[in-house]
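In case you want the letters, here they are:
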Amino acid sequence: MANSLRAAIAGLGSFVPEKVLSNAYFEKILDTSDEWITQRTGIKERRVVSEGQSTVTLAVGAAREALAQAGMSADELDMIICATITPEMPLPTTACVIQAELGVKDIPAFDVVAACSGYVYALSIGDQFIRSGAYKNILVIAADVLSSITDYEDRGTCVLFGDAAGASVLVPSDDEKGVMYTVLHAEGSGWDYLYVPAGGTRMRGTAETIANHDHFIKMRGRDIYKFAVEKMQWLLGDCLEKCNLKPEDVDMVIPHQVNIRIIASAAKKFNFPMDKVFVNIDKYGNTSAASVPLAMAEAWRQGRIGPGSTVILAAFGAGLTWAGAVIKF
Ligand code: UT7
């Protein structure tokens, strides 16, 4: 019995803050243009938190929607996993604060840190717990407030990022519905492609590190771009091969939303028409771990995926990490 179990997604949710930063806003504060940002990335606007909003605000908003869609109350959950690189605070985990906000008691709650691949990592972990038979109803959330670690004086990075959360409720399935396959990778030698230097133990936070902008993201954009193009293509190929699927068997590809050029090159390689590739980067930019579940929740809401759909998730990010999944809804 246990061997035939897998995780199915019973509910999806997402939450974005109301405040919009358009490309026109960046034209006013930096030497950039709507044309440059649109052509190089596909981004037109992104959302950022307002005073009083934090990672947990977004996470709980997405979680409540996912629970409602699953027809489940929070006290039926057996585990909470939160993927984030911008935790509510350094200690305790964001998942524990989410648990308290949801009013749930005495279930395991922990964070997963895998940058933009975080949701797919967390989904895979949740799926393993369900496959083992040890846990039943698992809330997998990805929430990031990248605006808290973005240097708004660095035009090479600040135009890219936004804040958001996405969530899913996993339940056991013993039929073909559910997570068919997950694949996780990391290559730590590329840690300095994308990182925040200060605030950890290597460079503790001081007045000087703050003045030097060392608490903000540093990115080797070109290098990440090359890595991303290669890994996005690899992930699609691997998911198709391992699940014995042809591109025409797939209803939707949901890639990490970071740059329309990266997405389009992967789609082209496998002849996926762009209407089978979900893109919402124009509205939200790169929202890190939240990107994939935010896109998946929107695809569901818009009726572009539904019961019976076969969906590939493909994500990559700092670490370097990359991760993919195939889900049958
Ligand atoms: O979640 C995963 C993490 N991040 C990524 O996956 C990012 C992947 N990388 C990318 O998407 C692209 O590399 C970027 C969009 C970040 C940059 O595009 P690019 O075509 O690789 O540009 P570039 O970095 O090679 O820069 C080209 C020029 C430079 O000027 P010079 O040196 O040629 O005079 C930059 O200074 O564009 C300049 N530039 C800008 N110009 C206007 C960089 N940012 C901007 C900007 N507005 N915002």
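Since the structure is predicted, the reported quantities are computational estimates derived from the model, not experimental observations. (Residues numbered from 1 in each chain as written. Predicted model: local features only at pLDDT ≥ 70, side-chain atom pairs only at ≥ 80, totals over all residues. Heavy atoms only, no water.)

**Some thoughts on the packing of aromatic side chains**
Threshold: Note on aromatic contacts: the rings of Phe and Tyr and the six-membered ring of Trp form a pair at centre separations within 6.5 Å, being stacked when their planes are under 30 degrees apart, edge-to-face when over 60 apart, and tilted otherwise. Exposed residues in this analysis have more than 50% of their type's maximum accessible area, buried residues have under 20%, and partly exposed residues fall in between, with area computed by a 1.4 Å probe over protein chains only.
Here the structure, examined in full by the defined rule, presents seven aromatic pairs. Ring geometry for Trp 191 and Tyr 195: centres 5.2 Å apart, planes at 80 degrees, overall edge-to-face. Classification of Trp 191 by relative accessible area gives partly exposed; the value is 41%. Taken together, a centroid distance of 6.2 Å and an interplanar angle of 80 degrees make the contact between Phe 227 and Phe 316 edge-to-face.

**Here we look at the site of the ligand**
Defined as follows: When at least one non-hydrogen atom of a residue lies within 4 Å of a molecule or strand, that residue is treated as near it. Only the protein chains shown count as cover for residues, and all accessible areas are computed by the Shrake-Rupley method using a 1.4 Å probe. A cavity here means a set of points on a 1 Å grid, drawn over the protein atoms and nothing else, where a 1.4 Å probe fits but cannot get out; a pocket is an open set with protein on both sides within 12 Å along at least five of seven lines, and a residue lines either one if it has an atom within 4 Å of a point. In this scheme, a molecule is assigned to a cavity or pocket if more than half of its atoms are within 2 Å of the grid points. By the criteria applied, helices consist of DSSP H or I runs no shorter than four residues and strands consist of E runs no shorter than two, each listed in order from the N terminus. Nonpolar residues are Ala, Val, Leu, Ile, Met, Phe, Trp, Tyr, Cys and Pro. Charged residues are Asp, Glu, Lys and Arg, and all others, Gly as well, are polar. Reported domain spans reflect what an automatic or database domain assignment gives.
Thr 32, Arg 40, Arg 222, Asn 259 and Asn 286 are the nearest of the 22 residues found near the ligand. A total of 950 Å² of accessible area belongs to the ligand in isolation, and the protein chains cover 75% of it. Here the ligand is seated within the second largest pocket. The set of elements that each furnish at least two residues to the shell around the ligand consists of helix H2 (34-41), helix H6 (155-158) and helix H8 (221-242). With four residues, H8 is the single largest residue contributor to the shell around the ligand. For the shell around the ligand, the per-class residue count stands at 10 nonpolar, seven polar and five charged. Composition of the shell around the ligand by domain shows at least three residues from each of domain 1 (2-174) and domain 2 (180-328).

**Quick notes on the domain arrangement of the chain**
Put simply, the rule is: By definition in these notes, contact holds between two residues if any of their heavy atoms fall within 4.5 Å. Here the quantity called buried area is the total loss of accessible area, with a 1.4 Å probe, experienced by two parts when brought into contact, counted for both. One side-chain nitrogen of Lys or Arg within 4 Å of one carboxyl oxygen of Asp or Glu is enough to make a salt bridge. Under this definition, polar contacts are N or O atom pairs within 3.5 Å; protein pairs additionally need one hydrogen-donor-capable and one acceptor-capable atom, and for neighbouring residues in sequence, both atoms have to be side-chain atoms.
The assigned domain composition of the chain is domain 1 (2-174) and domain 2 (180-328). A separation of 14 Å is found between the C-alpha centroids of domain 1 and domain 2. Tallying the contact residues gives 51 residues for domain 1 and 45 residues for domain 2. A buried area of about 3,700 Å², summed over both sides, lies between domain 1 and domain 2, and 64% of it is on carbon and sulfur atoms. Of all residues in domain 1, Cys 116, Val 120 and Tyr 121 bury the most surface against domain 2, accounting for 17% of the area lost on that side. In this structure, Glu 65 engages Arg 301 in a salt bridge whose closest nitrogen and oxygen atoms are separated by 3.1 Å. On inspection of domain 1 and its partner domain 2, the count reaches 18 residue pairs in polar contact (both at pLDDT 80 or more). For the side of domain 1 that touches domain 2, the secondary-structure elements that each account for two or more residues are strand S1 (6-15), H2, strand S3 (45-47), helix H3 (55-70), helix H5 (118-131), strand S6 (138-145), H6 and strand S7 (163-173). In terms of residue class, the side of domain 1 that touches domain 2 is made up of 22 nonpolar, 16 polar and 13 charged.

**Observations concerning the pairing of strand S11 (residues 252-255)**
Operational definition: The criterion for strand pairing is that DSSP finds at least two bridges linking the strands in question.
Neither face of S11 is exposed, since Met 252 and Ile 254 on one face and Val 253 and Pro 255 on the opposite face are all buried. Of the pairings in the sheet, the one linking S11 to strand S12 (residues 310-317) comprises four bridges and is parallel in character. In the sheet register, Pro 255 faces S12, and the bridge partner there is Ala 314.

**Brief notes about the packing of H3 against helix H4 (residues 94-102)**
Quick note on the threshold: Structural elements are reduced to axes, namely lines fitted to C-alpha atoms, with helices fitted over the stretch in contact, and the angle between N-to-C directions of any two is expressed from 0 to 180 degrees. In these notes the angle categories are as follows: under 35 degrees is roughly parallel, over 145 is roughly antiparallel, 65 to 115 is roughly perpendicular, and the rest is oblique. Take the far helix as the reference: if the near one is turned anticlockwise from it by less than a right angle, the crossing is left-handed, and if turned clockwise, right-handed.
The contact between H3 and H4 brings their axes to 10 Å, and the two run at 55 degrees. The angle between the axes of H3 and H4 places the two elements in the oblique class. Judged by the twist between their axes, the crossing of H3 over H4 is right-handed. When H3 is examined against H4, the residues Thr 55, Val 56, Ala 59, Val 60, Ala 63 and Arg 64 are found in contact with a partner set consisting of Thr 94, Val 97, Ile 98, Glu 101 and Leu 102. Here the residues of the contact of H3 with H4 are counted per class, giving seven nonpolar, two polar and two charged.

**Structural notes on the layout of surface pockets**
Heads up, the rule is: Grid points are joined across faces, edges and corners, and a volume is the space filled by probe spheres set on the points.
Approximately 940 Å³ is the volume attributed to the largest pocket. What lines the largest pocket is a set of 37 residues, and nearest its centre among them are Ile 85, Val 113, Ile 149, Val 196 and Ala 198. Broken down by class, the residue content of the lining of the largest pocket amounts to 21 nonpolar, 13 polar and three charged. For the lining of the largest pocket, the domains that each give at least three residues are domain 1 (2-174) and domain 2 (180-328). Within this model, the second largest pocket holds a volume of roughly 530 Å³.

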